[in-house]
Amino acid sequence: MVDRQVSISEGSGANIQKSVFSIVAFALIIFCIGNILLGLNRAGKPYPGFFFYKNLVITDISPKAVNGGTLKRFKDKIKAVDGIPVRTPDQVFEIIGKYQAGSNVTYTIERNGSSFDVTIPVERLTLREMLLLFGIIYVIGVVFLIIGVMVLQMKPHLRASKAFFLFCASICIWFVGSFDAQAVYLFDQLSFFSWIFSPVFGIYLMFIFPSDAKLKRMTHNLVSILFLFISSMLFVLQFIFFYKYDIWKYVNTASWIYVVLSTMIFPISSLITYMNPSSALEKQRAQIILLGCIFGLIAPASVVASITVFKISMPYNLMALPVIIFPVSIAYAIVKHKLFDIDVIIEKALTYGLLTGAVGCVFALTVLGFNVAFAKYGGWKNPAFFVILSGFLVIALNPLKNRIQDLVDLTFFRKKYDYRGTVEEVSYAMTSLLSLEKIIDKIIEIVENTMFSSPVSVFIYNQDLGSYERYFKKDEVRSSPDVTLEEDNILIQQLNFHGNEIFKEDLTADERYFHNSQRLMLEFERFNASLIIPLFFKKQLIGFIALGDKKSGLSYTSRDVNLLKLMANQSAIALENALAFKLVEDYAKRLEKTNKELKDTQAQLVHAEKMSAIGQLAAGVAHEIRNPLNIIEGARYYISTYMMDKENTEVVGEYLDYIKHEIDRTNRLIDSLLKFSKAEPPYFESVNINSVLENVVILVRKQLSDNDINLTLSLDEDLPQIMADPNQLWQVFINIILNAVQAMPKGGDFSIKTSTRWDEFASGSSNQVYIHFKDTGVGIDKEDITKIFDPFFTKKDMGTGLGLSIAYKIIEKHKGRIIVESEKGTGTTITIELPSNNYNINAGEADERHEEAGAGC
């Protein structure tokens, strides 16, 4: 709430200031229009042939020499006209109004305490004469007003704009009111006031522009008060002694000296700022104002002084025209706070100026040479002269220009980079690099080698962190965690909003950044930057380049900024490609890791399915082990009994055979169970399918008997051996048998048959081995037959849904297939087809399977 109240208060204050300045500007426009109307009204009426102030002191403006120059300026005063004493201008105009144009009138003039008469014919003031005498001064005053209003309109928030407007307003009133002060006398005191107080407004402007840090605040206030006091005293004396000629003429002279000396403060202040600038912008501003002072103040003042000293016949008012250059230079420096073009202008001016001088010297030497060597043939007027000169200009002009350009660059602008070569280097580098670090190194290297800036760093957006990280060149720390910018940082917001480069000077000179200037200044100072070049890709800010000041102390030119923006555009594309490439690399690594994890998980699931089957076999295995153990225990009892009777040796041997048989059967059972439960890698060997099935039946016999299932085992004795992994085949067979048991909850018939032919299929061949599993269970729905091998598909209350899926994959890796036939309510037949001639199984595939299984171990 407080911030809002402050903001409203500041806004109200700004509106009041704007209204006040608007009223002043409007009043000045009325003043200008009024003065020109007064001038037009005076045109065509009689006048003495010279002009004078309201106190009858003659001014320095006259259309022609008066009486051979007897009438002097500033020091002569009218005492009487045709012997009639006069005290006011109205009395003078009343007397001369009685005469026709051309009639002689005698004026009594007072000079240095003595009087003399001067006869001057009466004239009529024509519009042409009035425009020649006061038109230039009037136009200059109006130009001052226009420039001041334009600057205030374009930069209303700048103190310099307001101070410049007040300064221009004072000059406007002074210049525009000069005719009124010397001929009409309606606003003459206002004109004197503006003239004497113009140094006060000039001093105020000097303190805040081009630099506001030349003097301490206390010194600033003391100097301002001093000038205000001097101006006030001079105006008061001017007003009090206006009609006391003997005193007023000295006050007037002192006022002119004061105004002229005050005017020299501008070039002196600008020179001090230029020699000791606090920033490159201040130096450029001072440079522009110095040029304006030289061509707009010093040059015309020197001409006026020369005219006065050497008594050259030339109207003084023409020397006022170059004064326009002075306010234009200040206005340009205020409005165009990015003044990098001034260096280019100066560079071109120097280059072409020296080129013109060089060509002029060549021309003069050629003329002199021809006049000496070919005097008999017309000298330089000989056609050969123009042929030689034209040839020289065609052949040598461009190389001479380049040499002069290089000389100017090295002398005044230090080293100059090859713009075209730099563009080509940037283009090649940005299209040939894919590494983010190498692209950043190249950007910094090119910037340092062309701009000679220090420091140079690059900020790149990190999608994972959601912030912009700072990167340095390769010899320094790669990235700096201490200098990171979040997406809501004020600098990032401004770059996104405005979408263009930001100079440090913009923060105090560009109204777009005024409200956030302090926060932005902290960010610039945090990483020692003076220029920020954004990196945009498809209107997204992916980073920016932060440049410090140039080591040479020079400012960034428009050519520099254009090159940096071009490099930023190409760099943004390269960086986006590098980020995309890095993202692809990261995705590839993640995918590889995920695939490995998936293989590990798959192996674990396979093993888990095995353990699930083992859990289901546990009861049957326990029963199978308990039976031989009971037999062994009974045999042990009888042996111990018969051992007492040595006649029963034959019986003892028979029981020992029983014991050995049951122990072997138990060992086979345990071996089968252990072998099945181990997560061993696939190993293809010569396998007898019948033996594998017999061992499997041993494991599942208990489940079959407990569920009243009659097992029919029909094994083909001529079945050939195949290359297979017996452990994996055991897993397939057990899964199929256990599914069949679960499909016959009320009992039924179950058969297992092996053969080399399957009479039901015409495609049956002796090159295949078939294992048929047939049950009389509940059957499978037709729509589910195609889904039973899908991972995790099951309609049972318990189970993972992976058994048949794993079985399908195992048979597929054995280059076989599983065929399912089922009828709901009747039963299901599952046939496994395996090749019998796969002895040359691909070693690469075997190794691959070994690796896959190994991942699950």
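Asker: Could you give me a rundown of helix 2 (residues 89-96), with the residues and numbers involved?
Answerer: Taken together, the buried positions of helix 2 are Pro89, Val92, Phe93, Ile95 and Ile96. The arc enclosing the buried residues of helix 2, seen along the axis, measures out at 160°, which places them on a common side. Away from the buried face of helix 2 by more than 90 degrees, exposed residues Asp90 and Glu94 are located.

Asker: Requested: an account of the pairing of strand 19 (residues 827-835), with residues and values cited.
Answerer: With nine of nine residues buried, strand 19 is to be regarded as a mostly interior element. On strand 19, burial covers both faces: Gly827, Thr829, Thr831, Glu833 and Pro835 on one face and Thr828, Ile830, Ile832 and Leu834 on the other are all buried. Looking at chain direction, strand 17 (residues 768-775) and strand 19 are connected through eight bridges and run antiparallel. Paired with Tyr770 across the bridge in strand 19 is Glu833. Hairpin remark: strand 18 (residues 817-823) followed by strand 19, antiparallel, with three residues in the connecting loop; positive phi at Gly825, about 90°.

Asker: Go over the environment of Thr754, please, and point to the residues and values.
Answerer: As for its position among the elements, Thr754 is in strand 16 (residues 748-755). Each C-alpha atom, one on Thr754 and one on Leu713, is 8.8 Å from the other, the two residues being 41 residues apart in sequence. Discounting chain neighbours no more than four positions away, the residues touching Thr754 are Ile689, Asn690, Leu693, Ser714, Leu715, Asp716, Leu719, Tyr770 and Ile771. For Thr754, the side chain forms a polar contact with the side chain of Asn690, separated by 3.0 Å.

Asker: Report on unusual backbone geometry, specifying residues and quantitative values.
Answerer: For the bond from Ser454 to Pro455, the omega torsion is -5°, close enough to zero to count as cis. The phi dihedral of Leu56 is positive, around 70°, even though this residue is not glycine. Tracing the backbone shows Leu56 in the loop between strand 1 (46-47) and strand 2 (77-81). Of note in this structure, Phe452 is not a glycine but carries a positive phi near 55°. Tracing the sequence through the fold places Phe452 in the loop between helix 15 (436-451) and strand 7 (456-462). Taking the relative accessible area as the measure of exposure, Phe452 reaches 27% and is therefore partly exposed.

Asker: Explain the nonpolar core to me, and be specific about the residues and the numbers.
Answerer: Formed by 51 residues in total, the largest nonpolar core has its most connected members in Phe164, Phe209, Ile330 and Ile334. When residues of this core are traced back to their parent elements, those giving at least two are helix 3 (127-154), helix 4 (159-176), helix 6 (188-208), helix 7 (217-240), helix 8 (245-263), helix 9 (265-275), helix 10 (280-310) and helix 11 (325-335). Ignoring anything within four residues of it in the chain, the contact list for Ile330 reads Phe164, Leu205, Phe209, Phe266 and Ile289. With 41 residues, the next largest nonpolar core counts Val732, Ile736, Leu738 and Leu834 among its residues.

Asker: Tell me what's going on with the side chain of Asn690, and back it up with residues and numbers.
Answerer: If you trace the backbone, Asn690 turns up in helix 21 (residues 689-706). A polar contact is formed between the side chain of Asn690 and the backbone oxygen of Asp716, at a distance of 2.7 Å. Once residues lying within four places of it in the same chain are set aside, the contact partners of Asn690 are Leu715, Asp716, Glu717, Leu719 and Thr754.

Asker: Can you break down the pattern of salt bridges residue by residue, with the values?
Answerer: The tally for this structure, following the rule as stated, stands at eight salt bridges. A salt bridge links Glu445 to Lys442; the nearest nitrogen and oxygen atoms lie 3.9 Å apart. Linking Glu445 with Lys442, this pair stays in helix 15, spanning three residues, or about one helical turn. The partly exposed category is assigned to Glu445, whose relative accessible area is 36%.

Asker: Account for the sheet that holds strand 16, naming residues and giving values.
Answerer: Spatially, five strands are ordered 14-16-17-19-18 in an open sheet, and the strand pairing comes out mixed. Each edge of the open sheet carries a strand with a single partner, namely strand 14 (709-714) and strand 18. Averaged over all adjacent pairs, the angle separating strand axes in this sheet is 10°, with direction ignored. Examined bridge by bridge, strand 14 and strand 16 share six bridges and lie parallel to one another. Residue pairing for strand 16: Ser714 is matched across the bridge by Lys753. Packed on one face of the sheet, helix 21 meets strand 14, strand 16, strand 17 and strand 19 and runs near 170° to strand 16.

Asker: Can you lay out the confidence of the model for the protein for me, pointing to particular residues and giving the numbers?
Answerer: The share of residues in the protein with pLDDT of 70 or more is 75%, and the mean pLDDT across the chain is 77. In this model, residues 64-69 is a region of pLDDT below 50 whose contacts with residues beyond four sequence positions or in other chains number seven contacts. Long-range and interchain partners of residues 842-857, a stretch whose pLDDT sits below 50, account for 17 contacts in this model, where long-range means more than four residues apart.

Asker: Which residues make up the packing of aromatic side chains, and what are the values?
Answerer: Across all of its chains, the model carries 28 aromatic pairs by this definition. For the ring pair Tyr53 and Phe192, a centre distance of 5.6 Å and an interplane angle of 55° mean the geometry is tilted. Remark: Phe192 occurs in helix 6 and Tyr53 occurs in the loop between strand 1 and strand 2; sequence separation between them is 139 residues. Phe192 shares its class with Tyr53; the two are buried. Grouping aromatic residues by their ring pairs yields a cluster made of Tyr53, Phe144, Trp174, Phe175, Phe192, Trp195, Phe242, Tyr243, Trp248 and Trp256.

Asker: Can you tell me about the state of the cysteines, naming the residues and giving the values?
Answerer: If you walk through the whole model with that rule in mind, you get zero disulfides. You can see Cys32 has no disulfide; the closest cysteine sulfur is in Cys172, sitting 3.7 Å from it. The closest cysteine sulfur to the non-disulfide-bonded Cys168 is located on Cys172, 8.9 Å from its own sulfur.

What counts as what
Residues numbered from 1 in each chain as written. Predicted model: local features only at pLDDT ≥ 70, side-chain atom pairs only at ≥ 80, totals over all residues. Heavy atoms only, no water. Buried < 20%, exposed > 50% of the residue type's maximum accessible area, 1.4 Å probe, protein only. Helix = DSSP H or I, 4+ residues; strand = E, 2+ residues; numbered from the N terminus. Arc of directions from axis to C-beta. Pairing = 2+ DSSP bridges. Contact = heavy atoms within 4.5 Å. Polar contact = N/O pair within 3.5 Å; in protein donor to acceptor, adjacent residues only side chain to side chain. Core = buried A, V, L, I, M, F, W, Y, C linked by side-chain atoms within 4.5 Å. Salt bridge = Lys/Arg side-chain N within 4 Å of Asp/Glu carboxyl O. Axes fitted to C-alpha atoms, helices over the stretch in contact; angles between N-to-C directions. pLDDT = per-residue confidence, 0-100. Phe/Tyr/Trp six-rings, centres within 6.5 Å; stacked < 30°, edge-to-face > 60°. Disulfide = S-S within 2.5 Å.

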